[in-house]
Amino acid sequence: MAKTYFLTGTDTEVGKTVVSSALLQCATQLGFQTAGYKPVASGSEWLNEGLRNSDALTLQKFSTVQLDYHRVNPYCFETPTSPHIVSQEIKQPIDFNVMSEGLSYLKQQADWVLVEGAGGWFTPLSENHFFSDWVINEKLPVILTVGVKLGCINHALLTQQAIIQSGLTLAGWVANEVEPAGRYQKEYLATLKQHINAPFLGKIPYLNEVKEHNFTSYLDLSCLKLS
């Protein structure tokens, strides 16, 4: 059975896809056949091949299993806003069954699957459902991306609390330096390590260019709780 994880963030723009790239690279280095999955993405552009989301393309690139784009990203929206808004606007509802069928297919193709969310834990996918509702239905262990900046401690601990209260496992967390380290960076990290009750998988430093970067030296998956 494929080891499967859901990656969420403390907010939008905290570098989930950078962390996804790092996790996929590390899992590949450990010998796994990997697949990245971005079931819902907004903020996309039209290319020769059609509407494409840059985060989903990155997941496709770092997956060792060769996958058609639509297997990686079944719901791709052009407008960069909350998925439930653009979904309603263009009258394309997001169906949990489609998301689950896509995940099931990837589990048959790979033995290590990483599902990347959109925005934070409570990103709405419809008027009545959040992304987290689907994750709970799938019973996926969660990896948390913490964008290290002012305010991240509160966001991280609130997200941790919500994940644990949902009954899911917080399998690990990654510190991602989304801006150059400030004066109190060490203190932020120390506080996060003290209060997040899950394995610390590593820290990704602030990088000007990440597209071709090898992240394997930054993370350690040996303490990751397996699904």
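Conventions and cut-offs
Residues numbered from 1 in each chain as written. Predicted model: local features only at pLDDT ≥ 70, side-chain atom pairs only at ≥ 80, totals over all residues. Heavy atoms only, no water. UniProt positions renumbered as here; feature names shortened; annotations may be inferred. Core = buried A, V, L, I, M, F, W, Y, C linked by side-chain atoms within 4.5 Å. Buried < 20%, exposed > 50% of the residue type's maximum accessible area, 1.4 Å probe, protein only. Helix = DSSP H or I, 4+ residues; strand = E, 2+ residues; numbered from the N terminus. Contact = heavy atoms within 4.5 Å. 1 Å grid on protein atoms, 1.4 Å probe; cavity = no way out; pocket = protein on both sides within 12 Å on 5 of 7 lines; lining within 4 Å. Points joined across faces, edges and corners; volume = space filled by probe spheres on them. Nonpolar A, V, L, I, M, F, W, Y, C, P; charged D, E, K, R; others polar. Phe/Tyr/Trp six-rings, centres within 6.5 Å; stacked < 30°, edge-to-face > 60°. Lys NZ or Arg CZ within 6 Å of the ring centre and 35° of its normal.

Identification of the protein chain as ATP-dependent dethiobiotin synthetase BioD from Proteus faecis is taken from an unreviewed UniProt entry. Listed in UniProt under the heading Cofactor (unreviewed entry), the comment for the protein chain reads: "Mg(2+)". A UniProt comment under Sequence similarities (unreviewed entry) is attached to the protein chain, and it reads "Belongs to the dethiobiotin synthetase family."

Draft legend 1. How the structure looks around the nonpolar core. Formed by 70 residues in total, the largest nonpolar core has its most connected members in Leu23, Met99, Trp112, Phe131, Trp134 and Val135. When residues of this core are assigned to their parent elements, the largest contribution, seven residues, is made by helix H1 (residues 16–29). Beyond its immediate sequence surroundings of up to four residues, Leu23 is in contact with Leu7, Trp112, Leu114, Ile143, Leu201, Leu219 and Leu221.

Draft legend 2. Structural detail: the layout of surface pockets. Approximately 730 Å³ is the volume attributed to the largest pocket. Taken together, the elements giving at least two residues each to the lining of the largest pocket come down to H1, strand E3 (40–42), helix H2 (54–62) and strand E7 (112–120). If you tally residues by element for the lining of the largest pocket, the top one is H2, at six residues. The class makeup of the residues in the lining of the largest pocket is ten nonpolar, 13 polar and eight charged.

Draft legend 3. Structural view of the packing of aromatic side chains. This structure, assessed with the given rule, holds eight aromatic pairs. Here the aromatic rings of Trp173 and Phe200 are separated by 4.7 Å at their centres, their planes lie at 45°, and the arrangement is tilted. Here Phe200 lies in strand E10 (residues 200–204) and Trp173 lies in strand E9 (residues 170–176), a separation of 27 residues in the sequence. Note on Trp173: relative accessible area 0%, which makes it buried. Every member of this aromatic cluster is reached through a ring pair, and the members are Phe6, Trp121, Phe131 and Trp134. The ring of Tyr69 carries the charged tip of Arg52 above its face, separated from the ring centre by 4.3 Å. Just above the ring of Tyr105 sits the side chain of Arg71; from NZ or CZ to the centre is 3.6 Å.

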